[in-house]
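Working through the structure, step by step
What follows is each chain in one-letter form.
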Amino acid sequence: MGKSDRFGWLAAALLVSFASYSYAASNTGDIETSGGWIRATAPGQDQAGADLAITSKQAATLVGASSPACKAVQLHTMTSENGMMRMREVKAIELPAGKRVNLRTSGYHLMMVGLKAPLKEGEMVPFTLSIKVGKHRVVKVETTAEVKSLTATEAESHVDEHMH
Ligand SMILES: [Cu+2]
């Protein structure tokens, strides 16, 4: 092994350890998502509400989302007004440190707007979440949501019944 080979090997080892260090420091490893699902859509349906659980080790804020399956993804909140479920867009959803936040049970959902194709049972839909950690940094977190059948028990929630 010549001198330059040895240097090359050392540089490679340093690069690997630097890469794993910067991954840990990016904090995306500190944010976990689970249980993403969307109800299958009927032909012609333009929108769909997706549910998801997010756990962040540090206090963070969900500030946006996108998906290649639709034109835009909005953060929606749901409230009951005179017995009617209504939803509106919000700019941010708080993710308290160490707490698993289930969007739907917290009164939120990801609203997919402008679906490019009907969502069919069994499909996995990719999402990119923009999560603000600390005051200035926004990390991108990749996740997926499974499309469940139109008759899925979980889908019999008010998510799809509320009005715009
Ligand atoms: Cu909505």
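These lines cover the structure that appears in this document, whether it is placed above or below. (Residues numbered from 1 in each chain as written. Predicted model: local features only at pLDDT ≥ 70, side-chain atom pairs only at ≥ 80, totals over all residues. Heavy atoms only, no water.)

Observations regarding the overall build of the protein
For clarity, the threshold we go by: Secondary structure counts use DSSP, requiring at least four H or I residues in a row for a helix and at least two E residues in a row for a strand, with both numbered from the N terminus. Think of it in three bands: with a 1.4 Å probe and only protein chains considered, a residue is buried below 20% of the maximum accessible area for its type, exposed above 50%, and partly exposed in between. Pairs of residues are marked as contacts when any of their non-hydrogen atoms sit within 4.5 Å. All accessibility values rest on the Shrake-Rupley procedure with a 1.4 Å probe; residue burial counts only the protein chains present in the view.
Scanning the protein from terminus to terminus reveals one helix and ten strands. Reading the protein from its N end, one meets helices and strands in the order α-β-β-β-β-β-β-β-β-β-β. Within the protein, the proportion of its 164 residues that are buried is 38%. Nonlocal contacts in the protein, meaning residues at least 24 apart in sequence, comprise 69% of its contacts between residues at least 6 apart. For the protein, the accessible area works out to roughly 9600 Å², and carbon and sulfur atoms hold 56% of it.

Points about the side chain of T77
Note the following rule: Any pair of N or O atoms that falls within 3.5 Å is considered a polar contact. Within protein, one atom must be able to donate a hydrogen and the other to accept it, and sequence-neighbouring residues count only if both atoms are side-chain atoms.
Note on placement: T77 falls in strand β4 (residues 70-81). For T77, the side chain forms a polar contact with the main-chain oxygen of G107, separated by 3.5 Å. Setting aside residues up to four positions removed in sequence, T77 forms contacts with R86, M87, R88, V90, G107 and Y108.

Let's talk about the side chain of S56
With respect to the helices and strands, S56 occurs in strand β2 (residues 47-56). Judged by relative accessible area, which is 2%, S56 ranks as buried. A polar side-chain atom of S56 sits 2.5 Å from the main-chain carbonyl oxygen of Q58. Excluding residues that lie within four positions of it along the chain, S56 makes contacts with D30, I31, L95, P96, A97, G98 and K99.

Some details on the coordination of the copper ion
Which entries qualify depends on this criterion: Counted as donors are the N, O and S atoms within 2.8 Å of the metal, or 3.2 Å for Na, K and Ca, while water is not among the atoms, so some sites may look incomplete. Only two sets of limits are used to name each site, 85 to 135 degrees for every angle of a tetrahedral four-donor site, and over 155 degrees for opposite donors with all other angles from 65 to 115 for a square planar four-donor or octahedral six-donor site, with any other site named irregular.
For the copper ion, the protein coordination sphere consists of H76 (ND1), M87 (SD), H109 (NE2) and M111 (SD), at 2.0 to 2.3 Å. Taken together, the four donor atoms coordinating the copper ion and their angles of 99 to 129 degrees define a geometry best described as tetrahedral. The motif formed by the donor residues of the copper ion, counted along the single chain, is H-x10-M-x21-H-x1-M. Of this pair, M87 sits in strand β5 (residues 84-89) while M111 sits in strand β8 (residues 108-115), and the two are 24 residues apart along the sequence. Considered together, M87 and M111 belong to a single accessibility category, that of buried residues.

Some words on the pairing of β2
Rule in force here: At least two bridges found by DSSP between two strands is the condition for calling them paired.
Among the ten residues in β2, eight count as buried, and that is most of the element. As paired strands, strand β1 (residues 31-39) and β2 are joined by six bridges and run antiparallel to one another. Each residue of the ladder has a partner; that of S34, found in β2, is A53. Bridging between β2 and strand β7 (residues 100-102) involves three bridges; their strand directions are antiparallel.

Focus: the pattern of salt bridges
Condition: By salt bridge we mean one thing: a side-chain nitrogen of Lys or Arg within 4 Å of a carboxyl oxygen of Asp or Glu.
Inspection of the entire model under this criterion finds three salt bridges. R104 serves as the salt-bridge partner of D51, at 3.4 Å between the closest nitrogen and oxygen. Placement of D51 in strand β2 and of R104 in the loop between β7 and β8 is noted, with a sequence separation of 53 residues between them. A salt bridge links R86 to E81, with the shortest nitrogen-to-oxygen separation between them at 3.7 Å.

Observations concerning the nonpolar core
Rule in force here: Nonpolar cores were defined as sets of buried Ala, Val, Leu, Ile, Met, Phe, Trp, Tyr and Cys residues, with membership established by side-chain atoms within 4.5 Å.
Among the nonpolar cores identified, the biggest contains 32 residues, and I38, L62, L110, M112, F127, L129 and I131 are the most heavily contacted of them. Among the elements that line this core, the one with the most residues is strand β9 (residues 124-133), at five residues. If we skip the residues at most four places from it in the chain, I131 touches I31, I54, A60, T61, L62, L95, R137, V138, V139 and V141.

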